[in-house]
Amino acid sequence: MEKTILVTGGAGFIGSHVVRRFARNYPGYMIVNLDKLTYAGNLDNLRDVENLPNYRFEKGDITNAAFMEDLFDRHRFDAVIHLAAESHVDRSITGPMEFISTNIIGTVNLLNAAKSRWTAGSPDSLFFHISTDEVYGSLGSGGLFTEKTAYDPRSPYSASKASSDHMVRAWHHTYKLPVVISNCSNNYGPNQFPEKLIPLAIHNIQTNKEIPVYGKGENIRDWLYVEDHAAAIDLIFHKGKTGETYNIGGNNEWKNIDLIRLLCGIMDKKLGRPEGASEKLITFVRDRAGHDLRYAIDNSKVSSELGWKPSVSFREGLEKTADWYLENEKWVSAVICGNYLEYYNEQYNNR
Ligand code: NAD
Ligand code: TYD
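Residues numbered from 1 in each chain as written. Chains lettered and ligands numbered in written order. Predicted model: local features only at pLDDT ≥ 70, side-chain atom pairs only at ≥ 80, totals over all residues. Heavy atoms only, no water.

**Q** With reference to specific residues and values, describe the site of ligand 2.
**A** The immediate surroundings of ligand 2 are formed by 17 residues, with E134, R221, R288, H291 and Y348 found nearest. E134 places a polar side-chain atom, nitrogen or oxygen, 2.6 Å from an oxygen atom of ligand 2. In this structure, R288 approaches ligand 2 through a side-chain N or O atom, which is 2.5 Å from an oxygen atom. Contact with the protein chains hides 97% of the accessible area of ligand 2, taken as 510 Å² for the molecule alone. With 3 residues, strand β8 (residues 211-214) is the single largest residue contributor to the shell around ligand 2. Class assignment for the residues of the shell around ligand 2 results in 7 nonpolar, 5 polar and 5 charged. Domain assignment of the residues forming the shell around ligand 2 places at least three in each of domain 1 (3-188 + 224-248) and domain 2 (197-220 + 253-289 + 313-344). (Near = heavy atom within 4 Å. Polar contact = N/O pair within 3.5 Å; in protein donor to acceptor, adjacent residues only side chain to side chain. Areas by Shrake-Rupley, 256 points an atom, 1.4 Å probe, with all protein chains shown as cover. Helix = DSSP H or I, 4+ residues; strand = E, 2+ residues; numbered from the N terminus. Nonpolar A, V, L, I, M, F, W, Y, C, P; charged D, E, K, R; others polar. Domains from an automatic or database assignment.)

Printed below as a string of structure tokens:
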């Protein structure tokens, strides 16, 4: 094998697309997927690659330092692509400690394991930390996040990710660990856990349930199709400069309410409903505490230096996403089970 890569969180939404892309496109790489399989981790996301000879799965928890040290000894990783995290803002509001533990302590455990094994001269070693644009805080109606925007996280989720980014940079500057960081905007696409806006809305439309829109639906997000994010990760992994940060975004800003209306129209057609039928399900509910108004990414660095740009238009991406959820009812019904229903009722009943 040319190199052995640890992908953490590879059974999750973005991680599974990264594992698939790397395992299929680079048969010379051994891809080791380390995942705790929390509520968000799902090995069904990887059925089509699990038998490839260059793929291995390891169940484990990044907050367990001894386990991580042992894993590094057993596999002698050349590189890490670190995606494992608690990732949902609403859950971070009701239960922040899990976010502190996984996103901060877990990241530091990985940094320590890599640091003690990679000497300064290892030419191929790289710790690639996958982060979010939410570390930059909230924009007003103008402006974009660049790599130089000061950090201003405002939710327990974004504060824990910002903290992990700081740790990664500290290990680079202090211990010369070879690192790279990317900060991406909101992803959507197949395999996303239906707690996030787009898959939650698709499921509720399909099952004729209310679509909960927080506040007045005026918050703005910059949406990127998940395979475009995986392509950017591939490019940065191979061509990015050590010590650098790259912002990744779709140049695709949508007010939540406009996005939901567009999705309703797409779903009406797919479900054979009269035009406007699904929009009747839109229900404005109590706003999220501390709800960031707007995120938007300036992706000129990754596009000018590395030649990346999004390839999937929003309409095309939403169509593909809706088709995937409609064609994968088994996947959906397996995750919409006891724990999910409990979570859903706590979040949305009497909201
Ligand atoms: P996800 O919640 O779908 O998946 C997270 C994965 O991490 C799951 O498979 C889970 O089992 C695993 N995990 C959680 N805690 C763990 C632990 N202690 N030890 C080992 N594994 C653990 O998340 P996602 O949406 O795929 O996000 C992946 C990464 O990308 C995260 O770091 C997130 O911050 C970042 N990110 C996400 C988005 C987005 O829009 N979803 C945007 C930018 C950046
Ligand atoms: P989400 O998918 O949770 O991503 P993030 O909070 O990381 O941006 O939410 C996207 C937007 O949709 C955000 O402004 C919150 C809003 N939202 C709703 O209006 N209703 C919902 O049920 C959810 C989950 C989110």
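Let us keep going from here.
**Q** Please give an account of helix α2 (residues 65-75) that cites residues and values.
**A** Buried residues of α2: M68, L71, F72 and H75, and no others. The buried residues of α2 occupy one face: seen down the axis, they fall within an arc of 95°. Taken together, the buried residues of α2 touch β1 (3-8), β2 (29-35), β3 (55-59), β4 (79-82) and α4 (97-117). Taking the backbone nitrogen of A66 as reference, a side-chain oxygen 3.3 Å away marks N64 as the first, capping residue of α2. After α2 finishes, the residue R76 shows a positive phi value of roughly 50°. (Buried < 20%, exposed > 50% of the residue type's maximum accessible area, 1.4 Å probe, protein only. Arc of directions from axis to C-beta. Contact = heavy atoms within 4.5 Å.)

**Q** Quick one: what's the story with the domain arrangement of the protein, residue by residue and with numbers?
**A** Assigned domains within the protein: domain 1 (3-188 + 224-248) and domain 2 (197-220 + 253-289 + 313-344). On the side of domain 2, 14 residues touch domain 1, which itself brings 11 residues to the contact. Of the roughly 1000 Å² buried between domain 1 and domain 2 on both sides combined, carbon and sulfur atoms contribute 55%. Three residues, D90, Y188 and Y225, lead the burial of domain 1 against domain 2; their summed loss comes to 47% of the area buried on that side. For the interface between domain 1 and domain 2, the tally reads 1 salt bridge. Linking domain 1 with domain 2 are 4 residue pairs in polar contact (both at pLDDT 80 or more). Examining the composition of the side of domain 1 that touches domain 2, we find that 4 residues originate from one element, helix α3 (residues 89-94), more than from any other. (Buried area = accessible area lost by both parts, 1.4 Å probe. Salt bridge = Lys/Arg side-chain N within 4 Å of Asp/Glu carboxyl O.)

**Q** Before we move on, could you go through the site of ligand 1 and cite the residues and values that matter?
**A** In the region of ligand 1, 28 residues are neighbours, and I14, D35, S87, Y157 and K161 sit closest. The contact in question runs from an oxygen atom of ligand 1 to an N or O atom on the backbone of L37, over 3.5 Å. Interatomic distance of 3.0 Å between a backbone N/O atom of T38 and an oxygen atom of ligand 1. Contact with the protein chains removes 97% of the 830 Å² of surface that ligand 1 exposes when unbound. Within the residue set of the shell around ligand 1, elements represented by two or more residues are α1 (13-25), β5 (126-132), α5 (156-175) and β7 (186-188). Top contributing element to the shell around ligand 1 by residue count: β5, with 3 residues. Considered class by class, the residues forming the shell around ligand 1 number 12 nonpolar, 12 polar and 4 charged.

**Q** Describe the pattern of salt bridges, and please don't skip the residues or the numbers.
**A** Counted under the stated rule, the structure contains 22 salt bridges. Among the salt bridges present, the one from R47 reaches D44, with a minimum N-O distance of 2.8 Å. Taking the relative accessible area as the measure of exposure, D44 reaches 38% and is therefore partly exposed. Here the residues in one salt-bridge network are K270, R315, E319 and D323, joined through shared partners.

**Q** Let's hear about the pairing of β5: which residues, and what values?
**A** Within β5, 7 of the 7 residues are buried, which leaves it mostly tucked inside the rest of the structure. What you see with β5 is no split at all: L126, F128, I130 and T132 on one side and F127, H129 and S131 on the other are buried throughout. As judged from the 4 bridges shared by β4 and β5, these two strands associate in the parallel manner. Bridged to I81 within β5 is F128. In the sheet, β5 pairs with strand β6 (residues 179-184) via 6 bridges, with the strands oriented parallel. When the sheet's bridge partners are listed, F128 is paired in β6 with V180. (Pairing = 2+ DSSP bridges.)

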